[in-house]
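Descriptive analysis of the structure
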Amino acid sequence: MTVWDNLRRMAVRGGCLGACLMMAVNFAADSMTAYGAESSVIEQVTVTLKSSYGEPELIMEPEITVSGTGCSLEDFQYMTDYEKWKPGRKVRIEITVAAADGKVFPTSLNRSQCKVSGADFVSARALEDDKLQVKVDYKPVMVLGNTTDAGWSSTYGSRAVWKAVEHAPGYSLVLYGDNKSVKRLTVTTTTVDLAEYMKDDEKTYFYEVKAIPTNSDEKKYLKEGEFIASTANEVDWDVTDDTSDGGAIKGSNYILPNGRKDANTWKKVSDQWYYFDQNGNMAKGWQYINGYWYYMGNNGVMRKGWINPSGDTWFYTNENGEMLTGWVQPTPSTWYYMDSSGVMQRGWVQVNGKWYFLDSSGKMLTGWVQVAGVWYYLFGDGSMAVNTVIDGWTIDGSGAARQ
């Protein structure tokens, strides 16, 4: 039984007093009914941004709709020029919601009152009694494009090289030998050495490569491109292709024609490569970029070949500027060994269970060598002989030779 029913029963039983109470009850009930009928405050709004994927490398504008009792979409404004949109990079959108006649908005609505789908809620505040401005952050979506050229390095025949795809975080590569899949790789660079998978000289190798998102977050706004098959062409743009974007180096920055600093990017200027970091500043010294170490000189130019940043510690970078580790062969028949940090080694080194000797210049020796008065024999591949007889000399398990 409700409170109103109890009051009515008391009014009936109480005579005159009951009559007065009955009048009060009826007046209160009528007042509440009138208040409910006249309520005009809009306290629930739903804003939906629907993304759609267009042609590759084309960013589509979202479809914006508003739903809720007594309100509708009036207008919206992008706070970033459409030409500057990039997939996954937030765009602030200001959406104006209009109230129907006789309806008003409160001063503000929180995210539970103003529900946003397809974007991130920022704020919802009344511009006027009948206007609500909803601010959201929207991430544009896009289908990745395809590389325009894929071939093989002119320096290292087993190194796959392809032109970068705009906005691509990574690439999926499939190596084929005689049209059969040999190896699948996911990389974040535009070059990868496939030598360890191309060991059968009787097979004809080629690869296919496509641009892809590499993690769950990127998959929310990027769709992968299509596989493009490599050609037999030799190419010499292993680091990346010269963008020819009309920009120029000004001070320590690379400035685009629109005045913006470019960042996180390689730039080729006057046939020299530079890298500009996340803040748009010219990188110098050692830089770890997309899985490789590079050395940029004091002038920002990427260095190649032998590098001696300080003291007598030497490193070696290939034609792509990538620091090498393990065995390197800068010239035919001359081998050097670089440790896991890229430092050139001297003296005795053990690699895969075998001993090798490197002279004071780091060069691997072969044949008979004398170290601290003891003779050793090094085979043609540089490995030390043990437990054998060579040229009448008995060589023990330590490699020492005795007659």
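Not measured: the values here are computed from a predicted model. (Residues numbered from 1 in each chain as written. Predicted model: local features only at pLDDT ≥ 70, side-chain atom pairs only at ≥ 80, totals over all residues. Heavy atoms only, no water.)

1. Section: the packing of aromatic side chains
Under the counting rule described, the total for this entry stands at 25 aromatic pairs. Pairwise contacts between aromatic rings join Phe76, Tyr78, Tyr82, Trp85 and Tyr138 into one cluster. Lying across the ring of Tyr53, Lys223 places its NZ or CZ 4.3 Å from the centre. (Phe/Tyr/Trp six-rings, centres within 6.5 Å; stacked < 30°, edge-to-face > 60°. Lys NZ or Arg CZ within 6 Å of the ring centre and 35° of its normal.)

2. Here we look at the side chain of Gln133
Structurally, Gln133 can be placed in strand β7 (residues 131-138). At 3.3 Å, the side chain of Gln133 and the side chain of Glu94 are in polar contact. Leave out the neighbours within four places in its chain, and Gln133 touches Glu94, Ile95, Ser123, Ala124, Arg125 and Leu127. (Helix = DSSP H or I, 4+ residues; strand = E, 2+ residues; numbered from the N terminus. Polar contact = N/O pair within 3.5 Å; in protein donor to acceptor, adjacent residues only side chain to side chain. Contact = heavy atoms within 4.5 Å.)

3. Regarding the nonpolar core
Ile95 and Trp162 are the most contacted members of the largest nonpolar core, which has 46 residues in total. Take this core: its biggest share by element is 5 residues, from strand β4 (residues 91-99). In terms of nonpolar packing, the next biggest core, distinct from the first, is built from 8 residues, Trp273, Tyr275, Ala283 and Tyr294 among them. (Core = buried A, V, L, I, M, F, W, Y, C linked by side-chain atoms within 4.5 Å. Buried < 20%, exposed > 50% of the residue type's maximum accessible area, 1.4 Å probe, protein only.)

4. Some details on a negative patch on the surface
Together, Asp101, Glu128, Asp129 and Asp130 give the surface a local cluster of negative charge. Mapped onto the secondary structure, Asp130 falls in the loop between β6 (120-128) and β7. Residue Asp130 is classed as partly exposed on the basis of its relative accessible area, which comes to 31%. (Patch = residues over 30% accessible without salt bridge, like charges linked within 9 Å, V, L, I, M, F, W, Y side chains within 5 Å. Areas by Shrake-Rupley, 256 points an atom, 1.4 Å probe, with all protein chains shown as cover. Salt bridge = Lys/Arg side-chain N within 4 Å of Asp/Glu carboxyl O. Lys, Arg positive; Asp, Glu negative; His and termini not counted. Charge placed at Lys NZ, Arg CZ, Asp CG, Glu CD.)

5. Concerning the sheet that holds strand β5 (residues 114-117)
Ordered in space as β2-β1-β5, the 3 strands form an open sheet in which the pairing is mixed. The outermost strands of the open sheet, each flanked by one partner alone, are β2 (63-67) and β5. If you compare each strand with its neighbour and ignore which way they point, the axes differ by 15° on average. Sheet topology places strand β1 (residues 45-50) next to β2; 5 bridges connect them, and they run antiparallel. From the neighbouring strand, Thr46 faces β2, where its bridge partner is Ser67. (Pairing = 2+ DSSP bridges. Axes fitted to C-alpha atoms, helices over the stretch in contact; angles between N-to-C directions.)

6. Some details on the sheet that holds strand β14 (residues 205-212)
The strand order across the open sheet built from 4 strands is β12-β11-β14-β16, with neighbouring strands paired in antiparallel fashion. Of all strands in the sheet, those with a lone pairing partner are β12 (180-187) and β16 (228-229), marking the two edges. Bridging between strand β11 (residues 170-177) and β14 involves 8 bridges; their strand directions are antiparallel. Bridging across to β14, Val174 finds its partner in Glu208.

7. Re the pattern of salt bridges
Enumeration according to the criterion identifies 11 salt bridges in this entry. Between Lys267 and Asp262 there is a salt bridge, with the nearest N and O atoms lying 3.0 Å from each other. Note on Asp262: relative accessible area 12%, which makes it buried.

8. Looking at the pairing of strand β22 (residues 285-289)
Judged from the 5 bridges that link them, β22 and strand β23 (residues 292-296) form a sheet pairing that is antiparallel. In the sheet register, Gln287 faces β23, and the bridge partner there is Tyr294. Remark: 2 residues form the turn of the hairpin made by β22 and β23, two consecutive strands paired antiparallel; Asn290 in that turn has positive phi of roughly 50°.

9. Observations concerning unusual backbone geometry
The residue Asn179 is not glycine, and still its phi comes out positive at about 70°. Among the secondary structure elements, Asn179 is positioned in the loop between β11 and β12.

10. Notes on the state of the cysteines
Applying the stated criterion to the full structure yields 0 disulfides. With no disulfide of its own, Cys71 lies closest to Cys114 among cysteine sulfurs, the gap being 9.1 Å. (Disulfide = S-S within 2.5 Å.)

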